[in-house]
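An overview of the molecular structure
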Amino acid sequence: MTVPPASIRILRSALANGLTTPTRLAETALANANRNPSRNTYLWQDPAWTMREAERAEQMPRGEGGPFGDGRDILWGLPISVKDCFDLAGAPTTCGTNFYRDTNGIAQSDSWIVERLRARGAVITGKTHLHPLAYGITGENPEFGDCLQPGKDGALTGGSSSGACASVMEGSAVAAIGTDTGGSVRAPAALCGLAGYRASLGRGDWRGGAHLSQSFDTLGWLFADVEEAPLLGAFFADHEPVHMHAYGRFAIVGDKFLHDCEPEIADQYRAAIRDLEALGLRATQIDVDWWSAAQEIFAPIQAWEAAGLHRGNFEHFEAVIRDRLEWGARITPNEIAGLRQRHEEFKSRMDELFAQHELLMLPATPVANLAAGADHSNTRARLLRYTIPISLAGAPAVTIPCNTGGVQLAAARNQDESLLQLVALLGAQQKASALNA
């Protein structure tokens, strides 16, 4: 049984008008938890703690004004899940492994993410499943089980923000905190039919969070309705944007880049292009042959940084991840210096792309489904080809769900709020197109 994903706006309005309470929402969320076929959406939960948090939220005084007229934050009273690479006082932080669960023990203080959620009155429902060390894009995990989509016995959620997606799909969270290094918000969002927002590199604070690769790690959200993206964007920012950007054009990739795209994914991409054009933006196809260097820049920097973070512990992780870490540890200082120079050059070219075309749209994944139990040894490289150019740019991006899969729309660094406003308009345009089809 699956639960229709909840609307942030509808539930928050109901809270503001006294039609429901944080405790009632928390009770419903907890009843829906771990409904996916693998029963592993969460790696840590304490229902009694969550209910106390809901009661604490109810004691927060009502005021005036604000987005819902009650003087409280957008997230007040809403059930929110957190990826289990962020500390929550009184709980272990597994990073998707038994080793770190047992080695790190119980966290003594909240991470910045958890601290901020609690200060705003969000009700945390638990800490969610992830690919081990957040070092993978399928959501497979040999220790805690592969994360399967609620309502789809044979479909992986994708990763690494696997449980984050499952929590929104099953109705145990209205929105979920994820992370995106090479695509770990954008790819699972597309595979699960959700919206996913990857923040600009450097937004928010990783205090109390476990990094995978400091050069690329970003914070993000998974949620159901892309029209609600602007409601979540401000969470990672400490100030209002100086100005909102009005977009007039966007870049797209051609059939040469899409050679490994499933036909229906390509069709949905072309439909999304038409929807964005219907908003008055002009599309220009660009040559992205130079993106062929992206993985050979990204992967070794990621492996080198991950190896430094996990040095001395490689033997505790599954073979495929251990091999990546051992490879990263063998990269020499001269090699990493050369790779960082190539990264800067790639990032500069991406900056030029955004300066010329303002936006970039392409599929979030080339496939619609990752079958559980299948051989995914080549899946990571295939999916990352679509996501890591944006990761190397440090740019914000949003996965916009389509009837099949999803497309990602990216903007220049720190244009997050403007991008989120645009994707909300695009989401409305897509709904209108569906009604008129």
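This is a predicted model, so every value here is computed, not measured. (Residues numbered from 1 in each chain as written. Predicted model: local features only at pLDDT ≥ 70, side-chain atom pairs only at ≥ 80, totals over all residues. Heavy atoms only, no water.)

**Comments concerning the overall build of the protein chain**
Formally: Secondary structure elements follow DSSP: runs of H or I of four or more residues count as helices, runs of E of two or more count as strands, with numbering from the N terminus. Our radius of gyration is a C-alpha quantity, and the globule rule it is checked against amounts to 2.2 Å times the number of residues to the power 0.38. Each residue is assigned to one of three classes by its accessible area relative to the maximum for its type, calculated with a 1.4 Å probe on protein chains only: buried under 20%, partly exposed between the two thresholds, exposed over 50%. Only heavy atoms matter for contacts: two residues are in contact if any of them lie within 4.5 Å across the pair. This count recognises Lys and Arg as positive and Asp and Glu as negative, with His and chain-terminal groups excluded. Taken as the charge centre is NZ of Lys, CZ of Arg, CG of Asp or CD of Glu, depending on the residue.
On a plain count of helices and strands, the protein chain comes out with 14 helices and 11 strands. For the protein chain, whose C-alpha radius of gyration is 20 Å, the value lies close to the compact-globule estimate of 22 Å for 437 residues. Taking all 437 residues of the protein chain together, 59% fall into the buried category. Across the protein chain, the fraction of contacts at a sequence separation of at least 24, relative to all contacts at a separation of at least 6, is 75%. Here the protein chain contributes 38 positively and 50 negatively charged side chains, and the mean placements of these two sets differ by 1 Å.

**What to know about the pattern of salt bridges**
Stated formally: In what follows, salt bridge is the name for a side-chain nitrogen of Lys or Arg lying within 4 Å of a carboxyl oxygen of Asp or Glu.
In this structure the tally under the stated criterion is 26 salt bridges. Measuring nitrogen to oxygen at the nearest pair gives 2.8 Å for the salt bridge that ties R340 to E305. Taken as a pair, R340 in helix α12 (residues 333-357) and E305 in helix α10 (residues 294-309) lie far apart in primary sequence, 35 residues in all. Among the residues examined, E305 registers a relative accessible area of 7% and is labelled buried. Three or more residues joined by partner-sharing salt bridges are found here, namely E53, R56, D110 and R118.

**Regarding helix α9 (residues 263-278)**
Where we set the bar: Residue count minus one, scaled by 1.5 Å, sets the expected span of a helix.
Between its first and last C-alpha, α9 extends 23 Å over 16 residues, near the 22 Å set by a 1.5 Å rise per residue. Of all the residues in α9, the buried ones are I265, A266, Q268, Y269, A272, I273, D275 and L276.

**Observations regarding the environment of S377**
By the secondary structure assignment, S377 is in the loop between β9 (359-363) and α13 (379-393). Note: C-alpha distance between S377 and V320 (57 residues apart in sequence) is 9.0 Å.

**Side note on the packing of aromatic side chains**
Here is the rule we go by: Any two of the Phe, Tyr and Trp rings considered here, Trp counted by its six-membered ring, make a pair once their centres fall within 6.5 Å; the pair's planes then place it as stacked at under 30 degrees, edge-to-face at over 60, or tilted in between. For a Lys NZ or an Arg CZ to count as sitting over a ring, it must be within 6 Å of the ring centre and within 35 degrees of the ring normal.
As enumerated under the stated definition, the model contains 15 aromatic pairs in all. Relative to W291, the ring of F257 lies with its centre 5.5 Å away and its plane at 85 degrees, an arrangement referred to as edge-to-face. Of this pair, F257 sits in the loop between β7 (249-252) and α9 while W291 sits in the loop between β8 (282-285) and α10, placing them 34 residues apart in sequence. Here the two residues F257 and W291 agree in accessibility, since each one is buried. Cluster of aromatic residues (ring-pair linked, three or more members): W112, Y197, W221, F235 and F236. Against the face of F235 rests R116, its NZ or CZ located 5.6 Å from the ring centre.

**Overview of the side chain of R72**
Mapped onto the elements of the fold, R72 is located in the loop between α3 (47-58) and β2 (79-83). Exposure remark for R72: the relative accessible area of 14% places this residue in the buried category. Excluding anything up to four places from it in sequence, R72 contacts R12, M60, P61, R62 and P67.

**What to know about the sheet that holds strand β3 (residues 123-128)**
Stated formally: At least two bridges found by DSSP between two strands is the condition for calling them paired. Axes here mean lines fitted to C-alpha atoms, for a helix over just the part in contact, with angles spanning 0 to 180 degrees between N-to-C directions.
As summarised here, the arrangement of the 11 strands in space is β1-β3-β2-β4-β6-β5-β10-β11-β9-β7-β8, forming an open sheet in which the pairing is mixed. What marks the edges here is a single partner per strand, and that holds for β1 (42-44) and β8. Across the sheet, the mean angle from the axis of one strand to that of its neighbour is 30 degrees, orientation sign disregarded. Relative to strand β10 (residues 397-401), strand β5 (residues 195-198) is paired through three bridges, and the arrangement is antiparallel. Within the sheet, the bridge partner assigned to R198 lies in β10 and is A397. Contacts from helix α2 (residues 22-32) reach β2 and β3 within the one sheet, and its direction differs from that of β3 by about 20 degrees. Relative to the sheet, α3 contacts β1 and β3, its axis offset from that of β3 by approximately 150 degrees.

These values are about where atoms sit, not about what they do.
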